[in-house]
Amino acid sequence: MKLTVVGCAGTFPGPSSGCSSYLLEHDGFRMLLDVGNGSTGALQEACGLLGPDAVVVSHLHGDHYLDLVTYTYARRYHPDGQAPLLPVYGPSAIHDAMIRAYGKGIDSLLDEVYTFHPVDSDRTIEVGPFEVELRRVIHPVETYGMRITAGGRTIAYSADSGACEALTALARDVDLFLCEASYLDGDDNPPNIHLTGREAAEHALKAQSHRLLLTHLVPWGDATRTIAAAKDTYDGDVHVAKPLDSYEI
Ligand SMILES: [Zn+2]
């Protein structure tokens, strides 16, 4: 299984990164986790504009799904011809959210480009060669963290989440834990929305995750501080996600 970071900026795009989007490849199948605003640019570098075979959206905040709205045009009107229907798995309101984000007139176009598979509770789905366990995590809207297995390897993706047991369960013994670290330790952060670097590391430690990849850092944050806080807590391999970095898992 190969992971490529497409976009990793938290909340809004940074000067050199779009928002959350991660490409997982196995056996020639390409699954995109989240399609945050500003991520479609790097997607073209990561796998080509029409590369994805399926999409899984963690939640309906703009920095995790909004580029899927404009990506509709790329697949419908590509000069090489219309791309195959793209399966999209995501929270129960994903179809309505995309229509609202675009405005009236996109309804029929969406159905020419995507097949929607809404999810309304914890479950495990099969997406190509991937087994994807979706589990609700702590965030102000319906949000699914993920535990993804293929070819005997496993990664976990926190999505956006405050501290919770569900995250630890998803990350148990995984080969790589892709975990958000939006907040800075020491700041007066509100509860139940996001994690700091130290909190991400605490979950990785408790879950005995083999590697920790911090992501969703907010562009006005301090990556040096975030990774230092994580390394104080977790002895394993810790990195901060950067666009187009790849990891063999
Ligand atoms: Zn969010």
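Just so it is clear, the structure is predicted and the values come from calculations on it, not from any experiment.

K.L.:
What's the story with the coordination of the zinc ion in this structure? I'm lost.
P.N.:
Put simply, a metal with four donors set out as a tetrahedron has ideal angles of 109.5 degrees, and one with six donors set out as an octahedron has ideal angles of 90 or 180 degrees. The zinc ion binds to the protein through H59 (NE2), H61 (ND1), H139 (NE2) and D160 (OD); the donor distances cover 2.2 to 2.3 Å. Each of the four donor atoms bound to the zinc ion contributes to angles spanning 90 to 169°, and the resulting shape is irregular. Sequence positions of the residues that donate to the zinc ion give the spacing H-x1-H-x77-H-x20-D. Of the two residues, H59 sits in the loop between β4 (54-56) and α2 (62-65) while D160 sits in the loop between β10 (153-157) and α6 (165-170), which places them 101 residues apart along the sequence.

K.L.:
What is the right way to read the pattern of salt bridges from this model?
P.N.:
Opposite charge on two side chains permits pairing when their charged atoms draw close. One pass over the structure, following the stated rule, counts ten salt bridges. Among the salt bridges present, the one from R30 reaches E25, with a minimum N-O distance of 3.5 Å. A salt bridge links R153 to D175, with the shortest nitrogen-to-oxygen separation between them at 3.6 Å. Of the two residues, R153 sits in strand β10 while D175 sits in the loop between α6 and β11 (176-180), which places them 22 residues apart along the sequence. Residue D175 is classed as buried on the basis of its relative accessible area of 14%.

K.L.:
Hey, could you run me through the pairing of β11 in this one?
P.N.:
Of all five residues in β11, five are buried, a share of seventy percent or more. Of the two faces of β11, both are covered, the one formed by L176, L178 and E180 as well as the one formed by F177 and C179. Note that β11 and strand β12 (residues 211-215) share four bridges and pair parallel. Bridging from a neighbouring strand, C179 pairs with L214 of β12.

K.L.:
Explain the sheet that holds β11 here, please?
P.N.:
Pairing between the strands of a sheet is mediated by backbone hydrogen bonds and can be parallel or antiparallel. Across the sheet, which stays open at both edges, the seven strands sit in the order β7-β8-β9-β10-β11-β12-β13 with mixed pairing between neighbours. Only two strands of the sheet have a single neighbouring strand rather than two, namely β7 (123-127) and β13 (237-240). Looking at each pair of strands side by side, their axes are set apart by 20° on average, direction ignored. One ladder, built from three bridges, connects β10 with β11; its direction is parallel.

K.L.:
Help me understand the nonpolar core in this model?
P.N.:
The nonpolar side chains of soluble globular proteins are, as a tendency, buried together. Of all hydrophobic cores here, the largest spans 31 residues; its most connected members are L24, M31, L33, V127, F130, V132 and I148. Ranked by residue count, the leading element in this core is strand β9 (residues 144-150), at four residues. Beyond its immediate sequence surroundings of up to four residues, L24 is in contact with M1, K2, L3, F29, R30, M31, L33, F130, I148 and I155. Counting 26 residues, the second largest nonpolar core, distinct from the first, contains L68, I94, M98 and L110.

K.L.:
Where do I start with the pairing of strand β2 (residues 21-26) in this structure?
P.N.:
Every other side chain in a regular strand lies on the same face of the sheet, so the side chains alternate between the two faces. Within β2, six of the six residues are buried, which leaves the element mostly enclosed by the surrounding structure. In β2, alternate side chains face the same way, and those of S21, L23 and E25 on one face and Y22, L24 and H26 on the other are all buried. Direction of pairing for strand β1 (residues 2-7) relative to β2: antiparallel, over a ladder of five bridges. Across the sheet, G7 pairs through a bridge with S21, a residue of β2. In the sheet, β2 pairs with strand β3 (residues 29-33) via five bridges, with the strands oriented antiparallel. Directly across from Y22, in β3, lies its bridge partner L33. As consecutive antiparallel partners, β2 and β3 are separated by two residues, and within that stretch D27 has a phi angle of approximately 55°, a positive value.

What counts and how
- Residues numbered from 1 in each chain as written.
- Predicted model: local features only at pLDDT ≥ 70, side-chain atom pairs only at ≥ 80, totals over all residues.
- Heavy atoms only, no water.
- Donors = N, O, S within 2.8 Å, 3.2 Å for Na, K, Ca; no water.
- Tetrahedral: all angles 85-135°; square planar, octahedral: opposite > 155°, others 65-115°.
- Helix = DSSP H or I, 4+ residues; strand = E, 2+ residues; numbered from the N terminus.
- Salt bridge = Lys/Arg side-chain N within 4 Å of Asp/Glu carboxyl O.
- Buried < 20%, exposed > 50% of the residue type's maximum accessible area, 1.4 Å probe, protein only.
- Pairing = 2+ DSSP bridges.
- Axes fitted to C-alpha atoms, helices over the stretch in contact; angles between N-to-C directions.
- Core = buried A, V, L, I, M, F, W, Y, C linked by side-chain atoms within 4.5 Å.
- Contact = heavy atoms within 4.5 Å.

On their own, these measurements won't tell you what the molecule is for.
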